[in-house]
Amino acid sequence: MKHLKALLVLALIVVTNSVSAQSTFDKWPAIKEFHEVMSQTFHPAEEGNFAPIKTRSEEMMNKAAMLLKSDIPAEFKTNAILASAERLQLKSKALHKLVTSNGSDAAILKSITDLHDTFHEIVGLCSDAKK
């Protein structure tokens, strides 16, 4: 039941941000590139398939690092977005370390879920910045 509630809340966030996310992704290609890896690793992990994150954790870490090095649109260069992007980078490093040290699937799921939430926080903040 707890997972169902979390999934419903997550679905609501995704639906709410989907329109604004499209323009955010168009304006900030690095966030789109991160999202591609996130979506291809997080959703399988939710379903118990950890192979994608175990093989792509380094790629995810590198994409997160590129967010801060990329040409961030001026409207998204807020303190809140930059701080969230820094947290995303740190959390992606921690996830990669967990994967490379053979962490448990439960620990990997917790870590990638936290990373996923941080990603959606950034997308939400980008949406707020455009208002």
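As shown above, the structure is provided for reference.
The model shown is predicted, which means the values in this text are computed figures rather than measured ones.

Let's talk about the side chain of Ser111
Right, on to step 1. Secondary-structure assignment places Ser111 in helix H5 (residues 105–129).
Right, on to step 2. The buried category is assigned to Ser111, whose relative accessible area is 17%.
Right, on to step 3. Those residues in contact with Ser111 that sit more than four places away from it in its chain are Lys91, Leu95 and Leu98.

Quick look at the packing of aromatic side chains
Given two aromatic rings, their pairing is described by the distance between the two centres and the angle made by the two planes.
Right, on to step 1. Tallied over the entire structure, the rule returns three aromatic pairs.
Right, on to step 2. An angle of 35° between the planes, with centres 5.7 Å apart, marks the rings of Phe34 and Phe119 as tilted. Note that Phe34 is positioned in helix H2 (residues 29–46) and Phe119 in helix H5, a separation of 85 residues in sequence. You'll find Phe34 and Phe119 in the same group, each marked buried.
Right, on to step 3. Of the aromatic side chains, those joined through ring pairs into one cluster are Phe25, Phe34 and Phe119.

Definitions and cut-offs
Residues numbered from 1 in each chain as written. Predicted model: local features only at pLDDT ≥ 70, side-chain atom pairs only at ≥ 80, totals over all residues. Heavy atoms only, no water. Helix = DSSP H or I, 4+ residues; strand = E, 2+ residues; numbered from the N terminus. Buried < 20%, exposed > 50% of the residue type's maximum accessible area, 1.4 Å probe, protein only. Contact = heavy atoms within 4.5 Å. Phe/Tyr/Trp six-rings, centres within 6.5 Å; stacked < 30°, edge-to-face > 60°.

Everything listed is a geometric property; what it means functionally is a separate question.
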